[in-house]
Amino acid sequence: MPTLLIIHHTPSPNCQELFEAVVSGATAPEIEGVRVVRRAALAATASDVLAADGYLIGTPANLGYMSGALKHFFDQIYYPCLDDTRGRPFGYWVHGGNDVTGAVRSVETVTTGLGWRRAAEPVTVTGAPGRADTEACWELGAVLAAGLAG
């Protein structure tokens, strides 16, 4: 059974709301045959990444960059996973107070280096998430999970 790994850093209620929408989409009852695993960025390991077939990544924008927790995750898994995960699909979401440009750029840079294939457009949210934002996150989760289901 294919596995979708959701790696997230959710330090705020806004980030938590987006994370829950992603999980809801990824675990929608219409999508069968995909195992969804959730890991906090500081707890996720190279073994988790190697065991998964696709990835969803969530981060706040902190000081113009991805969160330190997500950066730590990428630092830990980069070389152990570099050769074996090339071409795997991923998607991501970013939440920021007023600008997410640097965080988006940093996630794109690392995932490009890993050779991962973006399977959906990123969801970027500034300020309090609205209905359209949570719907976009739900769809992001559903698209990645459905893509693994076949």
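Residues numbered from 1 in each chain as written. Predicted model: local features only at pLDDT ≥ 70, side-chain atom pairs only at ≥ 80, totals over all residues. Heavy atoms only, no water.

Thoughts on the nonpolar core
Within the largest apolar cluster, 29 residues are counted, with the highest numbers of intra-cluster contacts made by Ile7, Leu70, Phe73, Phe74, Ile77 and Trp116. Counting only elements with at least two residues in this core, the list comes to strand E1 (3–8), helix H2 (46–51), strand E3 (54–62), helix H3 (68–81), strand E5 (89–96) and helix H4 (101–114). Sort the elements by how many residues they give to this core and H3 lands first, with six residues. In contact with leucine 70, other than residues within four places in its own chain, are Ile7, Ala41, Ile57, Thr59 and Val107. (Core = buried A, V, L, I, M, F, W, Y, C linked by side-chain atoms within 4.5 Å. Buried < 20%, exposed > 50% of the residue type's maximum accessible area, 1.4 Å probe, protein only. Helix = DSSP H or I, 4+ residues; strand = E, 2+ residues; numbered from the N terminus. Contact = heavy atoms within 4.5 Å.)

Let's talk about the pairing of E5
For E5, the tally of buried residues reaches eight of eight residues, placing the bulk of the element in the interior. As judged from the six bridges shared by E3 and E5, these two strands associate in the parallel manner. Looking across to E5, one finds that proline 60 is bridged to histidine 95. Where E5 meets strand E6 (residues 117–118), two bridges bridge the pair, whose relative direction is parallel. Opposite phenylalanine 90, over in E6, you have arginine 118 as the bridge partner. Note that the unit made of E5, H4 and E6 has a crossover that is right-handed. (Pairing = 2+ DSSP bridges. Right-handed = clockwise from strand over helix to strand, strands pointing away.)

A few points about helix H5 (residues 131–149)
Between the first and last C-alpha of H5 there are 27 Å, a value that for 19 residues agrees with the 27 Å anticipated at 1.5 Å per step. The complete set of buried residues in H5 reads Thr134, Cys137, Leu140, Gly141, Ala142, Leu144, Ala145 and Leu148. Looking at the buried side of H5, the elements it contacts are E1, helix H1 (13–26), E3, E5 and strand E7 (123–126). Glycine 150, located one to two residues past H5, shows a positive phi value of around 110°. (Expected span 1.5 Å × (residues − 1).)

Structural notes on the packing of H1 against H5
Any two packed helices are characterised by how steeply their axes cross, that is the angle between the axes, and by the distance between the axes. In the contact formed by H1 and H5, the axes pass within 6 Å of each other and the chain directions differ by 40°. With respect to H5, the element H1 is oriented oblique. H1 and H5 meet at a crossing whose hand is right-handed. Of H5, the residues touching H1 (which contributes Glu17, Leu18, Ala21, Val22, Ser24, Gly25 and Ala26) are Asp133, Thr134, Cys137, Trp138, Leu140, Gly141, Ala142 and Ala145. Class assignment for the residues of the contact of H1 with H5 results in nine nonpolar, four polar and two charged. (Axes fitted to C-alpha atoms, helices over the stretch in contact; angles between N-to-C directions. Parallel < 35°, antiparallel > 145°, perpendicular 65-115°, else oblique. Left-handed = near helix turned anticlockwise from the far one by under 90°. Nonpolar A, V, L, I, M, F, W, Y, C, P; charged D, E, K, R; others polar.)

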